[in-house]
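Analysis of the macromolecular model
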Amino acid sequence: MKALAIDTSNLVMGISVIIDDKIVGELTTNMKKNHSVRLMPAIESLLQEVDVKPDELDKVIVAKGPGSYTGVRIGVSVAKTMAWSLGIPITGVSSLEVVAQNGKYFDGLVCPLFDGRRGQIYTGLYGNIDGQFQLVQEERIIQLTDWVEMLKEDSKKVLFLGNDLDLHKEKIEELMGDRAVFGHIADHSPRAAELAALGIRGEDEDPHAFTPSYHQLAEAEAKWIANQKK
């Protein structure tokens, strides 16, 4: 089984190639540069570096959101186009789940987050249950203060991860005190290798029917729908 994993759902652009249970190549950048311009050349370069031809791929794995609307669409569009043209399935993985993997050995709960503007965050809660790292509170977009109040109901420490953490760290510390733990510098970016590992045995989907997970409509779409109801 050979698969290509793609993540452009936020500022980080990550791609990796997995063959069976081995990551053979990975590329990650975390810069304000246009994913739409850089993604395909990066994919071509990595495939050449690991000696995998596109027609040898068995599936394409993509971070399906939530995250930046533009970023999610770029990654999903490229993944769907490649899967369709190669006649192979696509597998989507939550962008939050990919970040959460950086804390999978933490002795407590793991909270990945992306900024959702206006005091909101995209988030979910992960933890080890019966030896398996898994989702324990469903992913959602929610006001940070409401989310932290929910977290305070549990006595476990919570590890917060994500490149947008600095926008919310002060408020989290204020509300949670020493029960809040913050990842180190290398813990906040999603790794395409983790995306590949999650997706290699994930559910195969038809690229035509595959849809991203935004968790809410874009502001312009929400306003358009509201105007149609008037």
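The model shown is predicted, which means the values in this text are computed figures rather than measured ones. (Residues numbered from 1 in each chain as written. Predicted model: local features only at pLDDT ≥ 70, side-chain atom pairs only at ≥ 80, totals over all residues. Heavy atoms only, no water.)

1. Details of the pattern of salt bridges
Put simply, the rule is: Salt bridge, as applied in this entry: a Lys or Arg side-chain nitrogen positioned within 4 Å of an Asp or Glu carboxyl oxygen. Counting from the N terminus, the helices are the DSSP runs of H or I reaching at least four residues and the strands are the DSSP runs of E reaching at least two. Only protein chains enter the area calculation, which uses a 1.4 Å probe; residues under 20% of their type maximum are buried, those over 50% are exposed, and those in between are partly exposed.
Evaluation of the coordinates by the stated rule reveals seven salt bridges. Notably, a salt bridge pairs Asp21 with Arg201, separated by 2.6 Å at the nearest N-O pair. Of this pair, Asp21 sits in the loop between strand E2 (12-19) and strand E3 (22-30) while Arg201 sits in the loop between helix H6 (192-199) and helix H7 (219-228), placing them 180 residues apart in sequence. Under the relative-accessibility criterion, Asp21 is labelled exposed at 61%. With a relative accessible area of 64%, Arg201 lands in the exposed category. Residue Lys152 is joined to Glu149 by a salt bridge in which the shortest nitrogen-to-oxygen separation is 3.5 Å. Given the relative accessible area of 36%, Lys152 is considered partly exposed.

2. Some words on the sheet that holds strand E7 (residues 120-129)
Worth spelling out the cut-off: When DSSP finds two or more bridges between a pair of strands, those strands are recorded as paired. Axis angles are defined between N-to-C directions and span 0 to 180 degrees, where every axis is a line fitted to C-alpha atoms and, for a helix, only to the segment in contact.
Sheet architecture is open: five strands sit in the order E8-E7-E6-E9-E10, paired in mixed fashion. Strands at the two margins of the open sheet, each flanked by one partner only, are strand E8 (132-143) and strand E10 (180-182). Strand-to-strand twist in this sheet, taken as the mean axis angle between neighbours without regard to direction, amounts to 25°. Inspection of the sheet shows E7 paired to E8 by nine bridges, in the antiparallel sense. Residue Ile121 lies in a different strand from E8, and its bridge partner there is Ile142.

3. So, the nonpolar core
Threshold: Residues grouped as a nonpolar core are buried Ala, Val, Leu, Ile, Met, Phe, Trp, Tyr and Cys residues, joined through side-chain atoms within 4.5 Å. Whether two residues are in contact is decided by their heavy atoms: any pair within 4.5 Å suffices.
The biggest cluster of nonpolar side chains holds 39 residues, and the ones touching the most others in it are Ile6, Leu39, Ile43 and Val110. The element best represented in this core is helix H2 (residues 69-86), accounting for eight residues. Discounting residues that sit within four places of it in the chain, Val110 has contacts with Ala100, Gly103, Gly124, Leu125, Tyr126, Phe133, Leu159 and Leu161. In this structure, Leu109, Trp147, Leu165 and Ile172 belong to the second largest nonpolar core, which totals 17 residues.

4. Regarding the sheet that holds strand E5 (residues 90-93)
Strand order in this open sheet of five strands is E3-E2-E1-E4-E5, and the pairing throughout is mixed. Among the strands making up the open sheet, the edge pair consists of E3 and E5. The sheet shows a mean angle of 15° between the axes of neighbouring strands, direction not considered. With four bridges connecting them, strand E4 (residues 59-63) and E5 associate as parallel partners. Residue pairing in the sheet places Val60 in a bridge with Ile90 of E5. Helix H1 (residues 35-49) rests against strand E1 (2-7), E2 and E3 of the sheet, and its axis sits at about 25° to E2. In the packing of H2 onto the sheet, the strands contacted are E1, E4 and E5, and the crossing angle to E4 comes to about 170°.

5. Notes on H1
Basically, it comes down to this: Expected helix span is given by 1.5 Å per residue-to-residue step, counting one fewer step than there are residues. Think of it as the arc spanned by the lines of direction from the helix axis to the C-beta atoms.
Relative to the 21 Å expected for 15 residues at 1.5 Å per residue, H1 spans 20 Å between its end C-alpha atoms, a close match to the ideal helical length. Taken together, the buried positions of H1 are His35, Arg38, Leu39, Ala42, Ile43, Leu46 and Leu47. Projected down its long axis, H1 carries its buried residues within an arc of 155°, all on one side. Relative to its buried face, H1 has exposed residues pointing more than 90 degrees away, namely Val37 and Gln48. Check the buried side of H1 and you find it contacts E1, E2, E3 and H2. Just downstream of H1, Asp51 is the residue with a positive phi angle, here 60°.

6. A short note on the confidence of the model for the protein
Quick reminder of the rule: Values of pLDDT, ranging from 0 to 100, describe the predictor's confidence in every residue of the model.
Within the protein, residue pLDDT values average 93, and 93% of them lie at 70 or more. Across residues 217-230, confidence stays below pLDDT 50; counting only partners more than four residues off in sequence or on other chains, it has six contacts.

7. A word on the packing of helix H4 (residues 144-151) against helix H5 (residues 169-176)
Basically, it comes down to this: Take the far helix as the reference: if the near one is turned anticlockwise from it by less than a right angle, the crossing is left-handed, and if turned clockwise, right-handed. Note on residue classes: Ala, Val, Leu, Ile, Met, Phe, Trp, Tyr, Cys and Pro are nonpolar, Asp, Glu, Lys and Arg are charged, and everything else, Gly too, is polar.
Running from N to C, H4 and H5 point in directions that differ by 35°, and their axes come no closer than 10 Å. The two elements H4 and H5 meet at a crossing, and its hand is right-handed. Listed contacts from H5 to Leu144, Thr145, Val148, Glu149 and Leu151 of H4 are Lys171, Ile172, Leu175 and Met176. Looking at the contact of H4 with H5, its residues break down into six nonpolar, one polar and two charged.

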